[in-house]
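Observations on the three-dimensional arrangement
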Amino acid sequence: MTGGEVAGILVAVFWAILVSFLAVVLVRLAQTLRATTRLVADVTEQAVPLLAEASNAVRSAQTQIDRVDAIASDVQEVTSNASALSTTVASTFGGPLVKVAAFGYGVRRALGRRGEDTPSGDPRRTVIVGRTVPGARRKKRKG
């Protein structure tokens, strides 16, 4: 055998080893691609129903938000109506009721003074050392 034949056999052996190695790599790559394809198909099958459920949840939340908004606007309207009613009642009945109460107080006071035996010029209160003392207590101090 000549040197050229030995070199040709060595190249053929290395070529065979290289082709075998590349064949193993391609088989593993094909297996990985098949597994990836199955995974993507499974994810797609599960994602579509999940997206539909999420869409339904968002629609339901929007409906509830619309209801809460309607309730809040109704409460605001009721509050403004109650405020207007309170103002109307206060202006309608407040003035006359204050006048009636003041009149009643004046009548009670006049009737109360009428029954007392104190002279009309005698003051009801006396100042003692910087304090005001009612008439009943003043009598006890003098007596």
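The structure presented is a predicted model; accordingly, all values stated were derived computationally and were not measured.

The rules behind these values
- Residues numbered from 1 in each chain as written.
- Predicted model: local features only at pLDDT ≥ 70, side-chain atom pairs only at ≥ 80, totals over all residues.
- Heavy atoms only, no water.
- Helix = DSSP H or I, 4+ residues; strand = E, 2+ residues; numbered from the N terminus.
- Buried < 20%, exposed > 50% of the residue type's maximum accessible area, 1.4 Å probe, protein only.
- Areas by Shrake-Rupley, 256 points an atom, 1.4 Å probe, with all protein chains shown as cover.
- Expected span 1.5 Å × (residues − 1).
- Bend = angle between axes of the 7 residues up to and from the residue.
- UniProt positions renumbered as here; feature names shortened; annotations may be inferred.

Structural notes on the overall build of the protein chain
Along the backbone of the protein chain there are 2 helices and 2 strands. Reading the secondary structure of the protein chain in the N-to-C direction produces α-β-β-α. Across the 143 residues of the protein chain, 2% fall into the buried class. As presented, the protein chain carries roughly 12600 Å² of accessible surface, and 67% of it is formed by carbon and sulfur atoms.

Focus: helix H1 (residues 3–114)
Its 112 residues give H1 an end-to-end C-alpha distance of 153 Å, which sits within 8% of 166 Å, the value for a rise of 1.5 Å per residue. The principal kink in H1, of about 35°, is found at Gly94, preceding the proline Pro96 by one to four residues.

Quick notes on the UniProt feature "transmembrane region" (unreviewed entry) in the protein chain
In the numbering used here, UniProt assigns the feature "transmembrane region" (unreviewed entry) to residues 6–29. Structurally, residues 6–29 comprises 100% helix and 0% strand, and the distance from its first C-alpha atom to its last is 35 Å.

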